[in-house]
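So you can see what is in the structure, the chains are spelled out below.
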Amino acid sequence: MKDTFYITTPIYYVNDKPHIGHAYTTILADVLARFHRNLNRETFFLTGLDEHGQKVQQAAAERGVEAQQHCDEMAPRFMKLWKKLHISNDDFIRTTEDRHKKVVQEILKRVHDAGDIYEDEYEGLYSVSEERFITEKEAESGEFRDIKELKEKNYFFKMSGYRQRLIDHIETNKTFIQPEHRKNEVLGFLRQPLADLCISRPKSRLNWGIELPFDTNYVTYVWFDALINYITASGFGSNETLFQKWWPASYHLIGKDILTTHAVYWPTMLMSAGLELPEAIFAHGWWLMADAKMSKSQGNVVNPMDLIDDYGVDPVRYYLMREMVLGQDANFTMESFIKRYNSDLANDFGNLLSRVSTLMKKNYDGKIPEPGELNAAENEIKNTGQALISNLENKIKGMKINEALEDIMQFIRGVNKYMEEQAPWKLVKEDKESAARVLYTAGEALRIGAVLLSPVIPNRSAILIEALNATDAALEWGGLTPGNQLRDHQPLFPRI
Ligand code: MSP
């Protein structure tokens, strides 16, 4: 494994309104990027927009504007949402940028020079909504709309020639496709003959795309164009040093619906162009509403903006990370959101801060008291905290984010139990020194909890650390400074 960490999200179709599906993958990438930065790994986090293709051209035509203008007007909706969601991406790529068009053309040239592109007349069924040729069987499945018979000359990429090499790669690189069941799905798909990929669209039918360098009557198929964004942004063809540094990507995060394009088209394209394959592709499941996929056509899409406006960004980030077992589908319900919020964030976490800070304000002039010597109970908390810190790295690297969060919350619950047992609100009346030890311990455990949770709830963690006037964000026991004045703060997670 390289010591740098490069993580990507899919680039989203520019004309869709951003919804919870987009927000989820982007938050997940953000959380992983922040965890890795906290582990002192140099990190590059990329997201962006997929702006070519028929759907964009059509949407622009319906509004009576040029396609480029349409994209320029739609793109800020995503950028604004990411800002609002505290997304810490290092780059934002749009496929209509010049830097990207150049790279797509360069890759097309390479693949062409490698003898992997040929021209052929194709006659068959075409799904306008999916923007690709489909088989008879697919047409019968009823999953495709706007099906037309098309007879067209096009360019094809000899994907079939890479089938065995891809199978070998997947089998030798056990973590290339994750989770395991998705890897098996791809291997199953590859057991059947692999067709070649139509990579062009005649301008007579679609002109919103990147022109083929070897035939100006055609534009590039939108998926062939889009996948290349991952190397454009990491410096391919523009900055060789950067490209060496970041490529291959550590993770392409995707939803399960775009597995074939990422796990079959993309690697074979890279093989033909003579480039390394990404280290890992991770496909997560879907957010469902009452067991149905959220989608515009179902009309059951949760608008993340509404939730955020009502409850704040960090609780939404926490819920999405805590509720989904990575790789499986998860059900979104308002009920489970509120339950999670109240039990984990308000009762366990926020409440602990307000208890500790109230007692310190009342009895220690609002300062962090001296802890003195730790007893067995304090040492246990300290040791549990240290074990938690070292286990967390494995959980994150193993993509078990929900478990990592549960472990942190369990630690916090343990601290609450310790507070109940020690009852510093009583103890302070008889033995102020001992009560100081208890409050310092609980406060320090909270500080550690906040640092550990900061990738998921960056804003609220910062409020907590600020409230305890902790200048030290180190993940080692003893970061609270006795004598430091507590600062006033808003209730961290007011109960819903
Ligand atoms: N433009 C392509 C990706 C090109 S990447 C080179 C695309 N865009 S998309 O806008 O349709 O959104 C893609 C991502 O959003 C997918 O990963 C998809 O799985 C995810 N989601 C869309 N709805 C979703 C849910 N309901 N739940 C979770 N993620 C879902 O495909």
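Each chain carries its own residue numbering, running from 1 in the direction its sequence is written. This being a predicted model, a pLDDT of at least 70 is required before a residue's local features are given, and a value of 80 or more before pairs of side-chain atoms are given or counted; all residues contribute to the totals for chains, interfaces and linings. Where side-chain values are given, they derive from all heavy atoms of the structure, hydrogens and water being excluded.

**Re the overall build of the protein chain**
In step 1: Strands here mean DSSP runs of E at least two residues long; helices mean DSSP runs of H or I at least four residues long; both are numbered from the N terminus. Helix and strand counts for the protein chain stand at 19 helices and 16 strands.
In step 2: Principal axes of the C-alpha set define a box for the protein chain whose edges measure 90 × 45 × 35 Å.
In step 3: Three exposure classes are used, based on accessible area relative to the maximum for each residue type with a 1.4 Å probe and protein chains only: buried under 20%, partly exposed in between, and exposed over 50%. In the protein chain, which comprises 496 residues, the proportion classed as buried is 56%.
In step 4: If you take every contact in the protein chain between residues at least 6 apart in sequence, the share linking residues at least 24 apart comes to 76%.
In step 5: All accessibility values rest on the Shrake-Rupley procedure with a 1.4 Å probe; residue burial counts only the protein chains present in the view. Accessible surface, the protein chain as shown: approximately 21,500 Å² in total, 46% of it carbon and sulfur.
In step 6: The charge count includes Lys and Arg as positive and Asp and Glu as negative, but it does not include His or the ends of the chains. Charge placement uses NZ in Lys and CZ in Arg. For Asp and Glu, CG and CD serve respectively. Taken together, the 59 basic and 71 acidic charged side chains of the protein chain have centroids lying 3 Å from each other. Two residues form a contact once any of their heavy atoms are found within 4.5 Å.

**A word on the pattern of salt bridges**
In step 1: Take a side-chain nitrogen of Lys or Arg and a carboxyl oxygen of Asp or Glu: if they are within 4 Å of each other, that pair is a salt bridge. With the rule as written, the count across this model stands at 31 salt bridges.
In step 2: One salt bridge connects Asp30 with Arg34, and the closest N-O pair in it is separated by 2.9 Å. Of this pair, Asp30 and Arg34 both sit in helix H1 (residues 20–38), separated by 4 residues, roughly a single helical turn.
In step 3: Across the pair Glu51 and Arg94 runs a salt bridge whose closest N-O atoms are separated by 2.6 Å. Separated by 43 residues along the polypeptide, Glu51 in the loop between strand E2 (42–50) and helix H2 (54–63) and Arg94 in strand E3 (residues 91–94) bring together distant segments of the chain.
In step 4: With a relative accessible area of 15%, Arg94 lands in the buried category.

**Structural notes on the pairing of strand E4 (residues 117–127)**
In step 1: By this definition, two strands are paired if DSSP reports at least two bridges between them. Bridging between E4 and strand E6 (residues 147–157) involves 11 bridges; their strand directions are antiparallel. Residue Glu123 lies in a different strand from E6, and its bridge partner there is Lys151.
In step 2: Here 3 bridges tie E4 to strand E5 (residues 132–134), and the two strands are oriented antiparallel to one another. Bridge pairing links Ser127 to Arg132 in E5.
In step 3: Counted along the chain from E4 to the antiparallel partner E5, the turn is 4 residues long, and its residue Glu131 has a positive phi close to 60°.

**Let's talk about the domain arrangement of the protein chain**
Size of an interface, as often reported, equals the accessible area lost when the parts are brought together.
In step 1: As annotated, the domain borders come from an automatic or database domain assignment. When the domains of the protein chain are assigned, the result is domain 1 (4–284) and domain 2 (343–467).
In step 2: Inter-centroid distance (C-alpha atoms) of domain 1 to domain 2 is 44 Å.
In step 3: In this complex, domain 1 contributes 13 residues to the contact, which on the side of domain 2 involves 13 residues.
In step 4: Between domain 1 and domain 2 lies a buried interface of about 1,200 Å² when both sides are counted; carbon and sulfur atoms form 80% of it.
In step 5: The term buried area denotes the loss of accessible surface (1.4 Å probe radius) that occurs when two parts are joined, taken as the sum for both partners. Contact with domain 2 buries area across many residues of domain 1, yet Phe35, Leu39 and His86 alone supply 41% of it, more than any other trio.

**Examining the sheet that holds strand E10 (residues 211–212)**
In step 1: Reading across the sheet, the 3 strands line up as E9-E11-E10 and stay open at both edges, with antiparallel pairing between neighbours. Taken across any chain shown, the strands that pair with only one partner, and hence form the sheet edges, are strand E9 (200–202) and E10.
In step 2: Pairing of E9 with strand E11 (residues 215–220), which is carried by 3 bridges, proceeds in the antiparallel orientation. Looking across to E11, one finds that Ser200 is bridged to Thr220.

**Things to note about the site of the ligand**
In step 1: Here, proximity means that at least one heavy atom of the residue falls within 4 Å of the molecule or strand. In the vicinity of the ligand there are 24 residues, among which Ile11, Asp50, Gly255, Asp257 and Trp287 approach most closely.
In step 2: Taking His22, its side chain carries an N or O atom lying 3.2 Å from an oxygen atom of the ligand.
In step 3: Any pair of nitrogen or oxygen atoms within 3.5 Å is treated as a polar contact; in protein, a donor-acceptor pairing is required on top of that, and neighbouring residues in sequence qualify only through side-chain atoms on both sides. Between the ligand and Asp257 there is a distance of 2.5 Å, counted from an oxygen atom to a side-chain nitrogen or oxygen.
In step 4: The fraction of the free accessible surface of the ligand (670 Å²) that becomes covered by protein chains is 94%.
In step 5: Looking at the shell around the ligand, the elements with two or more residues in it are strand E1 (4–13), H1, helix H8 (222–227), helix H9 (229–232) and strand E12 (251–255).
In step 6: No other element matches E1, which puts 4 residues into the shell around the ligand.
In step 7: Of the residues belonging to the shell around the ligand, the class tally is 13 nonpolar, 8 polar and 3 charged. Polarity classes work like this: nonpolar for Ala, Val, Leu, Ile, Met, Phe, Trp, Tyr, Cys and Pro, charged for Asp, Glu, Lys and Arg, and polar for all others, with Gly in that last group.

**Topic: the side chain of Ser200**
In step 1: Within the element layout of this structure, Ser200 appears in strand E9.
In step 2: The exposure class of Ser200 is buried, given its relative accessible area of 0%.
In step 3: A polar side-chain atom of Ser200 sits 2.6 Å from a polar atom in the side chain of Asn154.
In step 4: There is a polar contact of 2.8 Å between the side chain of Ser200 and the backbone nitrogen of Tyr155.

**Let's talk about the sheet that holds strand E8 (residues 197–198)**
In step 1: Strand order in the open sheet made by the 4 strands is E5-E4-E6-E8, with antiparallel pairing throughout. In this open sheet, the two edge strands, each paired with only one partner strand, are E5 and E8.
In step 2: As paired elements, E6 and E8 share 2 bridges and run antiparallel to each other. Directly across from Phe157, in E8, lies its bridge partner Leu197.

**A short note on the packing of aromatic side chains**
In step 1: Paired rings are identified among Phe, Tyr and Trp, the last through its six-membered ring, by centres lying within 6.5 Å, and are further divided according to the angle between planes into stacked (under 30 degrees), edge-to-face (over 60) and tilted (the rest). Throughout the structure, instances matching the rule amount to 28 aromatic pairs.
In step 2: Residues Tyr122 and Phe133 carry aromatic rings whose centres are separated by 4.3 Å and whose planes lie at 55° to one another, so their mutual orientation is tilted. One end of the pair, Tyr122, is in strand E4; the other, Phe133, is in strand E5, and 11 residues separate them in sequence.
In step 3: On the basis of relative accessibility, which here comes to 27%, the residue Tyr122 falls in the partly exposed class.
In step 4: A centroid spacing of 5.2 Å and a plane angle of 85° characterise the contact between Tyr155 and Tyr218, whose relative ring orientation is edge-to-face. Here the residue Tyr155 occupies a position in strand E6, and Tyr218 occupies one in strand E11, the gap between them amounting to 63 residues.
In step 5: Taking relative accessible area as the criterion, Tyr155 reaches 8% and is therefore assigned buried.
In step 6: Assessed through its relative accessible area of 8%, Tyr218 is described here as buried.
In step 7: For the cation-ring pair, Lys55 lies above Tyr13, with the distance from its terminal atom to the ring centre recorded as 4.8 Å. Here, a charge over a ring means that NZ of Lys or CZ of Arg falls within 6 Å of the ring centre while also lying within 35 degrees of the ring normal.

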